[in-house]
Amino acid sequence: MRRVKGADTKPEMRVRRRLHALGFRYSLHRKDLPGKPDIVLRKYKTVVFVHGCFWHGHSGCKAADLPASNRAYWDRKIGRNLERDKRNQALLREKGWRIIVIWECRLADLDATLAPLLAAREELP
């Protein structure tokens, strides 16, 4: 588990490159925000989490299937991750942040996933 990257993963880098190409500027992994969001767009009061389907328990996703061995451990591990994600997102909403969660399995249609952010950009002067 030590080898599992928490930042600068391939899916995260793909999202960051696309946002930058669209003209967005952002900061990364801000420690002063709950959950240290992967991408923070202060101008739009929006945070982006790029979640791996397995690690964050993406329901209905084939990539989120738990291993057959040591199943009890993985149930607890993924369950704790889900609870932590919910808690952090609730704290962010209380502070007025908009949250976009991008699942690893949905990176093929990245522009559709980023549509709310593109719409928010149009609303600003």
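Residues numbered from 1 in each chain as written. Predicted model: local features only at pLDDT ≥ 70, side-chain atom pairs only at ≥ 80, totals over all residues. Heavy atoms only, no water.

The next subject is the side chain of arginine 16. Along the chain, arginine 16 turns up in helix H1 (residues 10-21). Among the residues examined, arginine 16 registers a relative accessible area of 11% and is labelled buried. (Helix = DSSP H or I, 4+ residues; strand = E, 2+ residues; numbered from the N terminus. Buried < 20%, exposed > 50% of the residue type's maximum accessible area, 1.4 Å probe, protein only.)

This part is about the pairing of strand E3 (residues 46-51). The element E3 is extensively covered by neighbouring structure, given that six of its six residues are classed as buried. Residues Thr46, Val48 and Val50 of E3 are buried on one face, and the alternating residues Val47, Phe49 and His51, pointing to the opposite face, are buried as well. Counting the residues that bridge the hairpin from strand E2 (residues 39-41) to E3 gives four residues, and of these lysine 45 lies at a positive phi of roughly 50 degrees. Bridge count between E3 and strand E4 (residues 98-103): six bridges; the pairing is parallel. Counterpart to valine 50 in the pairing with E4 is isoleucine 102. (Pairing = 2+ DSSP bridges.)

Now for the state of the cysteines. Within the structure shown, the criterion is met by zero disulfides. Its sulfur unpaired, cysteine 61 is 3.6 Å from the next cysteine sulfur, which belongs to cysteine 53. For cysteine 61, a relative accessible area of 12% gives the class buried. In this structure cysteine 105 is not part of a disulfide, and its nearest cysteine sulfur, from cysteine 53, lies 3.6 Å away. Look at cysteine 105 and you get partly exposed, because its relative accessible area is 40%. (Disulfide = S-S within 2.5 Å.)

Residues of the protein chain with pLDDT of at least 70 account for 94%, and the chain-wide mean is 91. Mean pLDDT per element in the protein chain: helix H4 (residues 115-123) is the minimum at 83, and E2 is the maximum at 97. (pLDDT = per-residue confidence, 0-100.)

This next bit is on the sheet that holds E2. With respect to topology, four strands assemble into an open sheet ordered E1-E2-E3-E4, the strand pairing being mixed. Two strands bound the open sheet, and with one partner strand each, they are strand E1 (27-28) and E4. Bridge count for E2 against E3 is three bridges, and the pairing is antiparallel. Residue isoleucine 39 lies in a different strand from E3, and its bridge partner there is valine 48.

So, about the side chain of threonine 46. Among the structural elements, threonine 46 can be located in strand E3. Judged by relative accessible area, threonine 46 falls into the buried class, the value being 0%. Within the structure, threonine 46 has its side chain in polar contact with the backbone oxygen of tyrosine 44 (distance 2.8 Å). When sequence neighbours within four positions are dropped, the list of residues in contact with threonine 46 reads Ile39, Val40, Leu41, Trp97, Arg98, Ile100 and Leu117. (Polar contact = N/O pair within 3.5 Å; in protein donor to acceptor, adjacent residues only side chain to side chain. Contact = heavy atoms within 4.5 Å.)

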